[in-house]
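# Overview (structure and organization)
The lines below spell out each chain.
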Amino acid sequence: MNTQPVSWNRDLERWETTARGRAVLANSRLNKGTAFTEEERQSLGLIGLIPPRVLTLEQQMSRAYSQFLAQPSDLAKNVNLTSLHDRNEVLFYRLMCEHLDETLPIVYTPTVGTAIQRYSYEYRRPRGIYLSVDAPKEVESSLLASGLGPDDVDLIVATDGEAILGIGDWGVGGINISVGKLAVYTAAGGIDPSRTIPVVLDVGTNRQELLDDPHYLGNRHPRVDQDTYDAFIETYVETATRLYPNAVLHWEDFGPDNARRILGRYRNRCLTFNDDVQGTGAVNLAAVLSGVQASGTPLHEHRVVIFGAGTAGIGVADQLRDAMKSAGLTPDEATRRLWCVARHGLLTQDMAMRDFQDPYARAADEVAGWSRDTDLGGISLAELVHQVKPTVLIGTSGQGGAFTEPLIREMAASVDRPIILPMSNPTPLAEATPAQLLEWTDGRALVATGSPFAPVTHRSTVYQIGQANNAFVFPGLSLGAIVAQATGITDGMLTAAAHAVAEQVDSTAPGAPLLPPTRQLRQTSAAVATAVARAAARDGVARTTIGDDINTRVRAAMWQPNYRPVVAI
Ligand SMILES: NC(=O)C1=CN([C@@H]2O[C@H](COP(=O)(O)OP(=O)(O)OC[C@H]3O[C@@H](n4cnc5c(N)ncnc54)[C@H](O)[C@@H]3O)[C@@H](O)[C@H]2O)C=CC1
Ligand SMILES: CC(=O)C(=O)O
Ligand SMILES: [Mg+2]
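Residues numbered from 1 in each chain as written. Chains lettered and ligands numbered in written order. Predicted model: local features only at pLDDT ≥ 70, side-chain atom pairs only at ≥ 80, totals over all residues. Heavy atoms only, no water.

### Here we look at the coordination of the magnesium ion (ligand 3)
Around the magnesium ion (ligand 3), the protein contributes the donor atoms Glu-252 (OE), Asp-253 (OD) and Asp-276 (OD), at 2.0 to 2.1 Å from the metal centre. Here the donor residues for the magnesium ion (ligand 3) map to a single chain with the spacing E-D-x22-D. Judged by its relative accessible area of 1%, Glu-252 falls in the buried class. (Donors = N, O, S within 2.8 Å, 3.2 Å for Na, K, Ca; no water. Buried < 20%, exposed > 50% of the residue type's maximum accessible area, 1.4 Å probe, protein only.)

Structure representation (structure tokens):
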């Protein structure tokens, strides 16, 4: 994080700095390396500190791209891009934007998961703000250490590291999910990186391996009790909203109980959303709407099984239920089209469960004649597929390979175009691979996955695999909220985001994906932001007028990875 002695002059659109010489080169926001002009080199005291030839950003990118490609592994590529990010922010984002297909899986899922697991070993430099539950009085000074003032922050992404992707509790290493999400925000959504803050809320870790590891960089104690936790979250929200009154607060990868409790507590109090609950719900709805288009069966006639009834799974259920209500079903009819499966099988009313799962529990008499798996302690996914004959199967369980061949073959026996979405991340945790699903359904499955997969050729048709990942929603969601100067994130804004994503694809052609391609993420995010800003106005939360020019305003608000003048003052 770069602070003074640098400031952005909004009127003249240039950086102004009192720094000179190596201090300029050490500041990733100012640094242009070999692209500093002769005049900048003179005025900033850089003569002799960099080789004499002046390169263009494109020439630098070509070199940086070769260096990226030369790395021996994905983790090495992640370290390579992190170090570029630390050296030269504009070049990092230009490379990301130009090669999004290749860089997104490195900066984001799946490789970000490995980088988080290896955090205390691969650590080179800090990035973001580390807030410790053991020092709640320092929350304010730590946030202020970002060097940003009340009008300077659009967005803060925070995690407590408890439920990183599907790989669980990684403590302080979770900072890399906040950093990774923000990189996607900038590359895909054009959020100005200088106006964002990645945060980790270090409340301890319950992973013994980390507590025992002498290299571990976080607080070396177990996660704190709920009262201490809630008080710390309150300190964070109170401080962040007071210091940065216009910022969106994005919550990422919290455990299911905390995720839901925090969202319930703050969603009507400030401009905030939980990405795993709401962003995932919206991208899933987009994928299902695309699948519905290709299947030709209207949404409200589908039967949906959600395998993994946690943070993401119930977020997915909530938005599907609301969409079915909008399609004409009563709340009860809509809810009854969704079957949710947790660790002990189908959610039924005779089981102990979490509050937020409760609305989806099936009555005991409804499943009275179904076979129960004694080892599991309930009704298995296989039995559910047998009984319900679902038309849509969604995986948010973090259980790699859970969608087995017999299960998928049984599903496909009773439905022409099964919609199957293994959404778990990272890649090894996908409930099935697209190649398997297309093989077992003889090319009939409509598939999208949480992590990226290469196209699959089956009987000479090439199937493009869309990425059902909240990355297709959160950049545009926050951008739309920022442009609209929204005071909150409403359900209407999420639904608008889902429809905007679905409208970006025609899923009816043979082999067409259910979601737009990653390389078009910037256009998709602009479309999402436009729809979200309009929805904010409809829902009465926009503080600015949203007119016919909103798409132009959204595009104009998107930060571009170009060098700006750096002026010595
Ligand atoms: N594609 C996307 O955009 C997103 C994908 N995800 C993925 O979804 C997965 C789950 O994440 P969260 O919801 O945050 O975790 P979570 O822990 O809140 O939920 C997991 C759920 O799966 C259930 N489960 C675990 N083992 C099971 C088993 N053997 N059988 C049936 N159910 C089982 C658990 O009971 C729990 O309800 C992760 O892999 C994550 O990467 C999460 C958010 C977004
Ligand atoms: C994509 C995402 O947010 C997750 O897997 O947790
Ligand atoms: Mg997540």
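### Observations concerning the UniProt feature "domain: Malic enzyme NAD-binding" (unreviewed entry) in the protein chain
Taking the UniProt record as the reference, the feature "domain: Malic enzyme NAD-binding" (unreviewed entry) is found at residues 277–537. End C-alpha to end C-alpha, residues 277–537 measures 23 Å, and it is 39% helix and 12% strand. (UniProt positions renumbered as here; feature names shortened; annotations may be inferred. Helix = DSSP H or I, 4+ residues; strand = E, 2+ residues; numbered from the N terminus.)

### So, the nonpolar core
Ranked by internal contacts, the top residues of the largest apolar core, which has 102 residues, are Met-96, Leu-320, Ile-394, Leu-421 and Met-493. Counting 29 residues, the second-largest nonpolar core is a separate cluster that includes Ile-233, Phe-254, Ile-262 and Tyr-266. (Core = buried A, V, L, I, M, F, W, Y, C linked by side-chain atoms within 4.5 Å.)

### Quick notes on the sheet that holds strand E2 (residues 14–17)
In space, the 3 strands of this open sheet follow the order E1-E2-E17, with mixed pairing throughout. For this open sheet the edge positions go to strand E1 (6–9) and strand E17 (566–568), each flanked by a neighbour on one side alone. On average, each strand axis in the sheet is tilted by 30° relative to the strand beside it, whichever way the strands run. Direction of pairing for E1 relative to E2: antiparallel, over a ladder of 4 bridges. (Pairing = 2+ DSSP bridges. Axes fitted to C-alpha atoms, helices over the stretch in contact; angles between N-to-C directions.)

### What about the UniProt feature "domain: Malic enzyme N-terminal" (unreviewed entry) in the protein chain?
Under the UniProt annotation, the feature "domain: Malic enzyme N-terminal" (unreviewed entry) is placed at residues 85–267. Taken end to end, residues 85–267 is 47% helix and 11% strand, and its first and last C-alpha atoms sit 32 Å apart.

### A few points about the environment of Leu-75
Secondary-structure assignment places Leu-75 in helix H4 (residues 74–87). Owing to a relative accessible area of 19%, Leu-75 belongs among the buried residues under this scheme. Through-space distance from the C-alpha of Leu-75 to that of Asp-152 is 33 Å; in sequence the pair is 77 residues apart. Beyond its immediate sequence surroundings of up to four residues, Leu-75 is in contact with Thr-111, Thr-114, Ala-115, Arg-118 and Glu-122. (Contact = heavy atoms within 4.5 Å.)

### What to know about the site of ligand 2
Every residue near ligand 2 is listed here: Tyr-108, Leu-165, Lys-181, Glu-252, Asp-253, Asp-275, Asp-276, Asn-425, Asn-469 and Asn-470. In the model, an oxygen atom of ligand 2 is placed 2.8 Å from a nitrogen or oxygen of the Asn-425 side chain. One nitrogen or oxygen atom from the side chain of Asn-470 is found 3.0 Å from an oxygen atom belonging to ligand 2. For ligand 2, whose unbound accessible area comes to 220 Å², protein coverage reaches 88%. When the residues that make up the shell around ligand 2 are grouped by side-chain class, the tally is 2 nonpolar, 3 polar and 5 charged. (Near = heavy atom within 4 Å. Polar contact = N/O pair within 3.5 Å; in protein donor to acceptor, adjacent residues only side chain to side chain. Areas by Shrake-Rupley, 256 points an atom, 1.4 Å probe, with all protein chains shown as cover. Nonpolar A, V, L, I, M, F, W, Y, C, P; charged D, E, K, R; others polar.)

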